[in-house]
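# Working through the structure, step by step
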Amino acid sequence: MRGWFRQHRFALGSALIHLRKSPGGFLLNVFVVAIALSLPFAGLTMLDNVRPMSEQMSVDPEMSVFLKIDTPREQAKGLAGEIRKIVQGNKKAKIVFIPREDALDSLKSKNGLADVLNTLGDNPLPDSYVLKLDAFNSATEAQDVDAVAEQLRQLPGVESVQVDSAWVKRLAALLGVLRLVLLLLAITLGAAVIAVVFNTIRLQVMTQRDEISVSKLIGATDTFIHRPFYYTGALLGLCAGVLALGAVALALRPLNTAIAEFARLYASEFQLVPLAPLPMAALLAMSAGLGLIGAFLCVQRHLARVN
């Protein structure tokens, strides 16, 4: 085990020595890779901030069932059992019966409406039911609720059914599109990162060609020769990841200034925050992994030609 650690320590030291010989080229490549990584990192940060807000907004979507104005009270209350059968798949559904008198009193309690309602004479409001359903965060779940609404419309005595799921379907569909775009962007830019690292290691192999040939002549194994290049690729990806995360964190400050003005109009204190430490660590590991993949592909292709 000590020998294994000693070999990797030597390979890492060798990689650092070669990087110190040409720091300008390495830093330029880090900058290029960081630009490519900053776009998916920024997109992931945005989605991570929007997701909790969208989940909070989609809590307990409601469905209002309005009965015909001439429906007898006993028949209106008897519909509760039929409604419960229809929504039995929604385990946490809450069914609340609202008599027309309570609905009228609720409207009268609102400023400016009492005088208007008094001029109408008889109560114009029907009995109704309010159904509070489980939160749904996808367009598919919202479509299931629409199917339930259609069944409720078929019940005797039901005048209309109002569902507030349209905005949730739009939000869920938008988030789904953003996730797909971010995934495609990450794949594309990940390939670009691998290509940049591949070219960087290729140039390093060319400059060390004579040194590699001498090492093979004195008995160095392929693994011993390849290992420093692997570390170089991983370090390039890791440093670029750190720079990209730092750039995204700095960009959040001016964005939050602009967002604060917009959020204040809706009495909200929403702000963008950086990713949590665990997702950041995962992104850094992914960045180093992309660099390692680029180095591996280059080493397997070009070092095999060195005799």
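In this convention, every chain numbers its residues from 1, walking through the sequence in written order. Where local features are concerned, this predicted model is filtered to residues with pLDDT of at least 70; where side-chain atom pairs are given and counted, the filter is 80 or more; whole-chain, interface and lining totals use all residues. Hydrogens and water molecules were not included; the side-chain quantities draw on all heavy atoms of the structure.

On to the nonpolar core. The criterion is simple. A nonpolar core is a set of buried Ala, Val, Leu, Ile, Met, Phe, Trp, Tyr and Cys residues joined through side-chain atoms within 4.5 Å. Each residue is assigned to one of three classes by its accessible area relative to the maximum for its type, calculated with a 1.4 Å probe on protein chains only: buried under 20%, partly exposed between the two thresholds, exposed over 50%. Within the largest apolar cluster, 30 residues are counted, with the highest numbers of intra-cluster contacts made by Leu37, Phe41, Val193, Ile201 and Phe229. By definition, any uninterrupted DSSP run of H or I lasting at least four residues is a helix, any uninterrupted run of E lasting at least two residues is a strand, and each is numbered from the N terminus. Looking at this core, the elements with two or more residues in it are α2 (23-57), α7 (166-207), α9 (222-264) and α10 (277-302). Excluding residues within four positions of it along the chain, valine 193 makes contact with Val33, Ala36, Leu37 and Leu290. Within the second largest apolar cluster, 20 residues are counted, among which are Val65, Ile95, Ala149 and Leu155. Whether two residues are in contact is decided by their heavy atoms, any of which lying within 4.5 Å being enough.

Moving on, we come to the sheet that holds strand β2 (residues 94-98). Only strands joined by at least two bridges in the DSSP assignment are considered to pair. If you walk across this open sheet you meet the four strands as β2-β3-β1-β4, and the pairing is antiparallel. Of all the strands in the sheet, the pair left with one neighbour each is β2 and β4 (158-163). With direction set aside, neighbouring strand axes in the sheet form an average angle of 15 degrees. The pairing of strand β1 (residues 62-67) with strand β3 (residues 128-132) spans five bridges and is antiparallel. Each residue of the ladder has a partner; that of valine 65, found in β3, is tyrosine 129. Simply put, an axis is a line fit to the C-alpha atoms, just over the touching stretch for a helix, and the angle between two N-to-C directions goes from 0 to 180 degrees.

Here α9 spans 62 Å end to end across 43 residues, near enough to the 63 Å set by a 1.5 Å rise per residue. What is called the bend at a residue is the angle between a pair of axes, fitted to the seven residues leading up to and ending at it and to the seven starting from it. Maximum bend of α9: about 30 degrees, positioned at leucine 255. One less than the residue count of a helix, multiplied by 1.5 Å, gives the span that helix is expected to have.

With that settled, the discussion passes to the pattern of salt bridges. A carboxyl oxygen of Asp or Glu within 4 Å of a side-chain nitrogen of Lys or Arg is what we treat as a salt bridge. Tallied over the full model, the rule gives three salt bridges. Put simply, arginine 73 and aspartate 127 hold a salt bridge, and the shortest N to O gap is 3.1 Å. Within this pair, whereas arginine 73 is found in helix α3 (residues 73-86), its partner aspartate 127 is found in the loop between α5 (114-118) and β3, the two being separated by 54 residues in sequence. The salt bridge involving arginine 153 is made with glutamate 150; its shortest N-O contact spans 3.3 Å. A residue pair is termed a helical-turn pair when its members lie 3 or 4 positions apart in one helix, as arginine 153 and glutamate 150 do in helix α6 (residues 139-153) at three residues. For arginine 153, a relative accessible area of 37% gives the class partly exposed. Three or more residues joined by partner-sharing salt bridges are found here, namely Arg73, Glu101 and Asp127.

All quantities given are derived from atomic positions and should not be read as evidence of function.
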